[in-house]
Amino acid sequence: MSERDFRLLATDELLAAVVGDVVEIRVLENVMMQKIAELSRRGAASELGYRNVAQLLRHAVRWDLKTARQWVDRAESLAQQLTPTGSVLEPELPITAAVVAEGALSGEHISAVAEVMKDLPPAAEQPVVEFAQAHEPSAVRAFGKELAYRLHQQDAEPNEAEPKPSANRLRMEWKGDWLEVSAKLDKIAGAKFEAMIDPLAKPRPTTPEEGPDPRSRAEREGDAFADLVDLMLRADRLPEHGGEPVTLTLTMPYEGLVAQTGFGTLDNHVRVPATLVRRLACNAGVIPVVLGGRSEAMDIGRKARTFPAAIRRLLVARDQGCTFPGCDRPPKHCDAHHLRFWSEGGGTSVTNAALLCRHHHTLIHRSDWEVKLHNGVPTFVPPAWLDPARTPRTNTAHRAGRHVAA
Ligand SMILES: [Zn+2]
Ligand SMILES: [Zn+2]
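Reading guide: rules and limits
Residues numbered from 1 in each chain as written. Chains lettered and ligands numbered in written order. Predicted model: local features only at pLDDT ≥ 70, side-chain atom pairs only at ≥ 80, totals over all residues. Heavy atoms only, no water. Patch = residues over 30% accessible without salt bridge, like charges linked within 9 Å, V, L, I, M, F, W, Y side chains within 5 Å. Areas by Shrake-Rupley, 256 points an atom, 1.4 Å probe, with all protein chains shown as cover. Salt bridge = Lys/Arg side-chain N within 4 Å of Asp/Glu carboxyl O. Helix = DSSP H or I, 4+ residues; strand = E, 2+ residues; numbered from the N terminus. Donors = N, O, S within 2.8 Å, 3.2 Å for Na, K, Ca; no water. Tetrahedral: all angles 85-135°; square planar, octahedral: opposite > 155°, others 65-115°. Axes fitted to C-alpha atoms, helices over the stretch in contact; angles between N-to-C directions. Parallel < 35°, antiparallel > 145°, perpendicular 65-115°, else oblique. Left-handed = near helix turned anticlockwise from the far one by under 90°. Contact = heavy atoms within 4.5 Å. Buried < 20%, exposed > 50% of the residue type's maximum accessible area, 1.4 Å probe, protein only. Pairing = 2+ DSSP bridges.

1. Observations concerning a nonpolar patch on the surface
Item 1. Taken together, Leu170, Met172, Trp174, Leu179, Val181, Leu185, Phe193, Met196, Phe225, Val229 and Leu233 make up a surface patch of nonpolar side chains, about 940 Å² in accessible area.
Item 2. Where the nonpolar patch is concerned, the elements lending two or more residues are strand 3 (169–175), strand 4 (178–184), helix 10 (187–201) and helix 11 (217–234).

2. Some points on the coordination of the zinc ion (ligand 2)
Item 1. Taken together, Cys322 (SG), Cys327 (SG), Cys357 (SG) and His360 (ND1) make up the full set of protein donors to the zinc ion (ligand 2), lying 2.0 to 2.4 Å away.
Item 2. Around the zinc ion (ligand 2) sit four donor atoms; with metal-centred angles ranging over 98 to 116 degrees, the donor geometry is tetrahedral.
Item 3. Between consecutive donors of the zinc ion (ligand 2), the numbers of intervening residues give the motif C-x4-C-x29-C-x2-H. Pair noted here: cysteine 322 is in the loop between helix 15 (309–319) and strand 11 (334–338) and histidine 360 is in helix 16 (residues 358–366), with a separation of 38 residues, a long-range link.

3. Structural notes on the packing of helix 5 (residues 65–78) against helix 7 (residues 107–117)
Item 1. Between helix 5 and helix 7, the shortest axis-to-axis distance is 10 Å and the interhelical angle comes to 65 degrees. With respect to each other, helix 5 and helix 7 are oriented roughly perpendicular. Between helix 5 and helix 7 lies a crossing whose hand is left-handed. When helix 5 is examined against helix 7, the residues Gln70, Trp71, Arg74, Ser77 and Leu78 are found in contact with a partner set consisting of Gly107, Glu108, Ile110 and Ser111.

4. Description of the pairing of strand 14 (residues 377–381)
Across a regular strand the side chains alternate sides, sitting on one face of the sheet and then on the other.
Item 1. For strand 14, the buried fraction is high: five of the five residues fall into the buried class.
Item 2. Residues of strand 14 alternate between two faces, with Val377, Thr379 and Val381 on one and Pro378 and Phe380 on the opposite face, all of them buried.
Item 3. Where strand 13 (residues 370–374) and strand 14 come together, five bridges link them in antiparallel fashion. Note on strand 14: the bridge partner recorded for leucine 373 is proline 378.

This is the structure:
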């Protein structure tokens, strides 16, 4: 295929092809490293009159000496070692070697893994390599430092007589799709945090639609924490970047978005099922980026992805909080939900939006509840299993005297 033909490829195909090329290059680099290791093993440098293999390669392929040394180091850390008696030993980094053979890691990754493993026991290679398969080399170095620090802490603790001066701590660790967070806050920060969480964690009011709040205390407090994060992302005073609050982007192939299959990917490599992408796309903290497909859909995606502040102000004035029947959440805890999704032609206007709290936003995207504007009032039609007559209802919690017009 020539350079001209690449212009005919859809963007997602082109991107996938680049990813494929990178894997192939890495596989080939692994073969090259095995050959470099063999040159080193048989003493080729002295055979040809060079001081070492790096000097030899510098001359042979015109690498800088630094680059040549890096490749030799990588090759030697991944290669099987021969003892003087001729028996074969495991490579220094056996798990890394297996993954590199599949083309999963770059040379920079190998250097980063080798560097952090100098301060870690062999048992740490598995988690370090798993981390390296999902992150860039600089992140691998940071991860290794953190691991080494934690191991050092564990070793040091039994000997420590003096209590450490109090310091706030936060630990975050991705476990699959979940970020585990544990924090230690001093008295003042702790009290402030509790004061923010408590009101958000109170049980939802019991309504005929949903009954009593089924969540455990830990679940309510967890949701409250997530609400707090959303609240911060919406706050006006957070630093702005290019006119938009700092946000996550969510990348998704157009076909998957329309068919609601496959995954979108967040900046931090977390994969999000397509069925959740629409809800996230309504969220002010997340910007959808659609790959491939018809250009007009992508244009709409670009322009209509989130509701600008002016429209949000109008929505707040109209809805005064979550619009789901019986909900009392105020506007600051609400997303502007697109009544018609932008890939289906829905625009970014007050007439295509309703405020919903996080819980009811999830409910609307996951269930058969329907939302429409009726005389300017967001009106909810329950699923047939809940109400066979499917009687429309509105929220009267924010102001009295609102009814569905006949
Ligand atoms: Zn929504
Ligand atoms: Zn609500």
